[in-house]
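Observations on the three-dimensional arrangement
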There are 2 protein chains.
Amino acid sequence: MERKIPYKIYLSESEMPKYWYNLRADMVNKPAPLLDPETKKPLSAKELSKVFCDELVKQELDETTPYFEIPEEIRDFYKMYRPSPLIRAYCLEEKLQTPAKIYYKFEGNNTSGSHKLNSAIAQAYYAKKQGLKGVTTETGAGQWGTALSMACAYFGLDCKVFMVKCSYEQKPFRREVMRTYGASVTPSPSSLTKVGQKILELHPGTTGSLGCAISEAVETATNLNGYRYVLGSVLNQVTLHQSVIGLETKTALEKYGEKADIIIGCAGGGSNLGGLIAPFMGEKIKGEKDYRFIAVEPSSCPSLTRGKYAYDYCDTGMICPLTKMYTLGSGYIPAATHAGGLRYHGMNSVVSQLYADGLMEAVSVKQTEVFEAAEYFARIEGILPAPESSHAIKVAIDEALKCKESGESKTIVFGLTGTGYFDMYAYEKFHDGKMDDYIPTDAEIENALSKLPNV
Amino acid sequence: MERKIPYKIYLSESEMPKYWYNLRADMVNKPAPLLDPETKKPLSAKELSKVFCDELVKQELDETTPYFEIPEEIRDFYKMYRPSPLIRAYCLEEKLQTPAKIYYKFEGNNTSGSHKLNSAIAQAYYAKKQGLKGVTTETGAGQWGTALSMACAYFGLDCKVFMVKCSYEQKPFRREVMRTYGASVTPSPSSLTKVGQKILELHPGTTGSLGCAISEAVETATNLNGYRYVLGSVLNQVTLHQSVIGLETKTALEKYGEKADIIIGCAGGGSNLGGLIAPFMGEKIKGEKDYRFIAVEPSSCPSLTRGKYAYDYCDTGMICPLTKMYTLGSGYIPAATHAGGLRYHGMNSVVSQLYADGLMEAVSVKQTEVFEAAEYFARIEGILPAPESSHAIKVAIDEALKCKESGESKTIVFGLTGTGYFDMYAYEKFHDGKMDDYIPTDAEIENALSKLPNV
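Report on the accompanying structure. Everything numeric here is computed off the predicted structure, so don't read it as measured data.

1. A short note on the overall build of chain A
Of regular secondary structure, chain A possesses 18 helices and 15 strands. Computed over the C-alpha atoms, the radius of gyration of chain A is 21 Å, within 12% of the 23 Å expected from 2.2 N^0.38 for a compact globule of 455 residues. For the C-alpha atoms alone, the extent of chain A along its principal axes is close to 60 × 50 × 45 Å. In chain A, which comprises 455 residues, the share counted as buried stands at 66%. Looking at chain A alone, contacts between residues at least 24 apart form 77% of all its contacts between residues at least 6 apart. Carbon and sulfur atoms provide 50% of the accessible area of chain A, an area that totals close to 15,700 Å².

2. Brief notes about the pairing of strand β6 (residues 134–139) of chain B
Residues and elements named next belong to chain B. In terms of burial, β6 is a largely internal element, six of the six residues being buried. Across the two faces of β6 the burial is the same, with Gly-134, Thr-136 and Glu-138 and Val-135, Thr-137 and Thr-139 all buried. As paired strands, β6 and strand β7 (residues 158–164) are joined by six bridges and run parallel to one another. If you follow Thr-136 over to β7, its bridge partner there is Lys-160. Since β6 and β7 lie parallel, the crossover through helix α6 (residues 143–155) that links them has a hand, and here it is right-handed. Bridge count between β6 and strand β9 (residues 227–229): three bridges; the pairing is parallel.

3. Some remarks on unusual backbone geometry
Glycine aside, negative phi is the norm for most residues, and most peptide bonds take the trans geometry. All names here are of chain A. Look at the link from Arg-82 to Pro-83: it is a cis peptide, with omega at -10 degrees. The backbone phi angle of Gln-97 is positive, close to 55 degrees, even though this residue is not glycine. Within the secondary structure, Gln-97 sits in the loop between α4 (90–96) and β5 (101–106).

4. Remarks on the interface of chain B and chain A
Across the boundary between the two partners, chain B contributes 48 residues, which contact 48 residues of chain A. Together chain B and chain A conceal approximately 4,500 Å² of surface at their shared face, both sides included; 52% is due to carbon and sulfur atoms. Between the two partners, chain B and chain A, sit four salt bridges. In this structure, Glu-428 of chain B engages Arg-175 of chain A in a salt bridge whose closest nitrogen and oxygen atoms are separated by 3.0 Å. Here chain B is connected to chain A by 27 residue pairs in polar contact (both at pLDDT 80 or more). Here the side of chain B that touches chain A takes six residues from helix α8 (residues 172–180) of chain B, the largest share from any one element. When the residues that make up the side of chain B that touches chain A are grouped by side-chain class, the tally is 23 nonpolar, seven polar and 18 charged.

5. Some points on the pairing of strand β7 (residues 158–164) of chain A
All names here are of chain A. Judged by how many residues are buried, β7 sits mostly within the fold: five of seven residues are covered. Judged from the five bridges that link them, β7 and strand β8 (residues 184–188) form a sheet pairing that is parallel. Bridge pairing in β8 links Phe-162 to Thr-186.

6. Details of the pattern of salt bridges
Under the definition given, this model contains 54 salt bridges over all chains. Among the salt bridges present, the one from Lys-250 of chain A reaches Glu-254 of chain A, with a minimum N-O distance of 3.0 Å. Here the residue Lys-250 of chain A and the residue Glu-254 of chain A both occupy positions in helix α11 (residues 236–255), the gap between them amounting to four residues, near one helical turn. Via salt bridges that share partners, Arg-175, Glu-176 and Arg-179 of chain A together with Glu-428 and Asp-432 of chain B belong to a single interconnected network.

7. A short note on the packing of aromatic side chains
All names here are of chain A. In this structure the tally under the stated criterion is 43 aromatic pairs over all chains. Their ring planes at 10 degrees and their centres at 4.8 Å tell us that Tyr-309 and Tyr-326 sit as a pair that is stacked. Of the two residues, Tyr-309 sits in strand β12 (residues 308–312) while Tyr-326 sits in strand β13 (residues 323–327), which places them 17 residues apart along the sequence. Taken together, the ring pairs in this structure connect Phe-77, Tyr-78, Tyr-81, Tyr-125, Tyr-126, Tyr-154 and Phe-155 into an aromatic cluster. Against the face of Tyr-78 rests Arg-82, its NZ or CZ located 6.0 Å from the ring centre. Sitting above the plane of the Tyr-309 ring, Lys-324 keeps its charged end 4.5 Å from the centroid.

8. Some points on the relation of the copies chain B and chain A
Taken as rigid bodies, chain B and chain A are interconverted by a rotation of 180 degrees and an axial shift of 0.0 Å, the fit giving an RMSD of 0.0 Å. In symmetry terms, the pair is related by a two-fold rotation axis. When the interface residues of chain B are mapped onto chain A, 100% of them again fall at the interface, so both copies present the same face.

9. As for the packing of helix α9 (residues 194–202) of chain B against helix α10 (residues 210–223) of chain B
Residues and elements named next belong to chain B. Viewed as axis vectors pointing N to C, α9 and α10 meet at an angle of 145 degrees, and their least axial separation amounts to 8 Å. In contact with Lys-194, Val-195, Gly-196 and Ile-199 of α9, α10 contributes Cys-212, Ser-215, Glu-216 and Glu-219. A class-by-class count of the residues in the contact of α9 with α10 yields three nonpolar, two polar and three charged.

10. Remarks on the environment of Lys-402 of chain B
For Lys-402 of chain B, the position within the fold is in helix α16 (residues 387–406). Here the side chain of Lys-402 of chain B touches Glu-399 of chain B through a polar contact of 3.0 Å, side chain to side chain.

11. Digging into helix α18 (residues 442–449) of chain A
Residues and elements named next belong to chain A. Among the residues of α18, those classed as buried are Ile-445, Ala-448 and Leu-449. All buried residues of α18 project into a common sector of 100 degrees when viewed along the axis, lining one side. Counted as exposed and oriented over 90 degrees from the buried face of α18: Ala-443 and Glu-446.

12. Digging into the sheet that holds strand β4 (residues 86–88) of chain B
Residue and element names in this part refer to chain B. One open sheet holds the seven strands; their spatial order is β1-β4-β5-β15-β10-β11-β14, and the pairing between them is mixed. Edge positions in the sheet fall to β1 (8–9) and β14 (361–365), since each has one partner strand and no second. Pairing geometry for strand β11 (residues 292–298) and β14, over five bridges, is parallel. Looking at β14, one finds that Ala-295 is bridged to Ala-362.

13. Description of the side chain of Arg-88 of chain B
All names here are of chain B. Within the secondary structure, Arg-88 sits in strand β4. Residue class for Arg-88 comes out buried when judged on its relative accessible area of 8%. A polar side-chain atom of Arg-88 sits 2.7 Å from a polar atom in the side chain of Glu-93. In contact with Arg-88, other than residues within four places in its own chain, are Ile-5, Pro-6, Tyr-7, Glu-93, Lys-101, Ile-102, Tyr-103 and Glu-258.

Conventions used here
Residues numbered from 1 in each chain as written. Chains lettered and ligands numbered in written order. Predicted model: local features only at pLDDT ≥ 70, side-chain atom pairs only at ≥ 80, totals over all residues. Heavy atoms only, no water. Helix = DSSP H or I, 4+ residues; strand = E, 2+ residues; numbered from the N terminus. Rg over C-alpha atoms; globule rule 2.2 N^0.38 Å. Buried < 20%, exposed > 50% of the residue type's maximum accessible area, 1.4 Å probe, protein only. Contact = heavy atoms within 4.5 Å. Areas by Shrake-Rupley, 256 points an atom, 1.4 Å probe, with all protein chains shown as cover. Pairing = 2+ DSSP bridges. Right-handed = clockwise from strand over helix to strand, strands pointing away. Buried area = accessible area lost by both parts, 1.4 Å probe. Salt bridge = Lys/Arg side-chain N within 4 Å of Asp/Glu carboxyl O. Polar contact = N/O pair within 3.5 Å; in protein donor to acceptor, adjacent residues only side chain to side chain. Nonpolar A, V, L, I, M, F, W, Y, C, P; charged D, E, K, R; others polar. Phe/Tyr/Trp six-rings, centres within 6.5 Å; stacked < 30°, edge-to-face > 60°. Lys NZ or Arg CZ within 6 Å of the ring centre and 35° of its normal. Least-squares fit on C-alpha atoms with pLDDT ≥ 70 in both. Axes fitted to C-alpha atoms, helices over the stretch in contact; angles between N-to-C directions. Arc of directions from axis to C-beta.

This is the structure:
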């Protein structure tokens, strides 16, 4: 059947965004500033630039400039895998027998397998422009480390990745992809850093954590000449770069005369969600158009739905800036049985402020229902989704089924952030019936929240 | 920089082929007919239809119909991941400092990760149309099994995959993808078939072979009501379906006023190569345009460059039809150190005839140079290629470097058949310096060829 709207909407290169959109410029209540973890005073650009690249510090702190031009070198790189397709889920709609129209923005069609590359290439570019030798970072599941390795290979930068030890051992193939792109990958905690040595001394058998890997990467960057630390989520510079997702989505919908009613994104640190919703949220804040936004988080790491909006540490070593955000406490670690990513204790400060202001909703979902949705989707739409992305799939299906009941023909848009090729271990557990759901008790969350810094 | 030709050329849905092209209709010397392995007489459609679906038997035997309409249901499925992009390798050209223009047709942007899906969906469609319950097949590296699982899930067919045992054990994640799509996956040899039982009795510790898995799949299909056997390469029906690759490539090049000079494809059973070159070869045969075609095979399995053009068995159990093809003998098994796929002993009969007629060239390449090219390409073009596809990359780079020497601005087109996400074990061996090259001795090849059937 020939349809007016194709399965896959690909914008042309000339329709690609030339600017990132900085939602903060249009927000009425701005997110709270970053604080020095020792003095509890707002951090200056100068202080931040010991850790981050100069240009990225500017982007991090800028609350007034609505648009940042995307440098030509980055746009050239984007053209290697962007514009990403906006896909009309005709097959899913038919299977669900829903009057809803479902679209998803698919960010998995690049070798890193996720949207992380959108910010990785920007951060690598600014590091190169500053004349740096290389960058350091941490990676948990491995998507960010892979993306950064690709970006560094492109610009000829050295890339040192601290990979959470259990992930390093369970996902040797993720590690090999990074090595293919020339990165050095070290299991964390390691004996290469003071913070790593200390943790190994205190907990000889530890399999590591994201917070510890962050501390190791920051320490390494600050001790090496010509290195800076880069981060794949949580920061405002990251959601700025990720606005390319939302901008393309908006252009593609407008091209076909469609208007989204509900926009859904999975939420870990907020990088994809913040980028996807940015231009739509801008319209909502300015009163131009109305949308429902839904953040979807795992019930085992429910920072928006059960966390507290407060200043907290970003890392275990407590050396990173304090951020005001929805948090479960920097000591909160999701249960070991949690397989599907999105395990950060906090949330991007822009997303946090929007949620605090009632401009968006949040729901939490259990991991077995997420994998059920993932497998269902894979069989119908032909894409094997990452567990993270499948949180959004689950809620998009739920909303489409509500439309079926009510008979409403709403337009639902969700972010399909990546592919699940490196998550087959989790799929295997699901197939073998060995996956369970963990929901933290109130006491557990209260305990973790009791250690928030006094600000 | 804004360029006249974009990085990625995506045809619109309306520009997608509506017909597959049957190159045999335009060939002067037709490929030799399939023979019954017992009587050595040409096989009738009736005999073949005990093993294959009726419609596929027709396609297999038809030497006169130049175009087969692609059924609407298949075109609808194709739209979920096609048209695939034809990518202009600007970054690679710049890195090589070559005046050559390099294009590649990228077939890896679907969940099965390779071009195999183009034929899998067609074969599943005809099985469904015939009212069958399911299909059986074998898989080695796993690309074909994955593609068939996806196709069967889409049409609600049962799918039984016999996976070569060593691959089943080394690639558990490939297996999980197939399970995600609802296929049952059995390590071969198994105790489920007579041929499997016999092999297990004779060789208790065997890790299996492709020829054995084929025999098991054929036996299972012929013993079950409502099942047929399907195959992902070698057959003419497969290259017919894969002509969609060449047809899209040709349309995309013509749209931008480009004419290929050299067309390069990797060659295992010939499914990708046959499909990629088909419409261009048709023009060459008819004297309309001239092209150089280069088939690239591994030096450890050099059927075109060192094999014999003769009738041979397709499987170890010798129950499949005899095919006239370039072969190393059905008993030939590439060295265990060979990591990169393309390990079939024979070659599609159309490709074989074209090569015998001097219409195309063939070269063999060593696996370490293939992985060097793969890593080089990944870092520059951002796509992590499958080892199979990387054979074509290696020779495309070689040809581009020849242009650099001669100063000629040739247009080189190659097929990038898939991604390497499930081949990181081989990449790891390469990174760790544990990969070596194996080139069979003349005596080894003569020995395997001495067991050709007497036709």
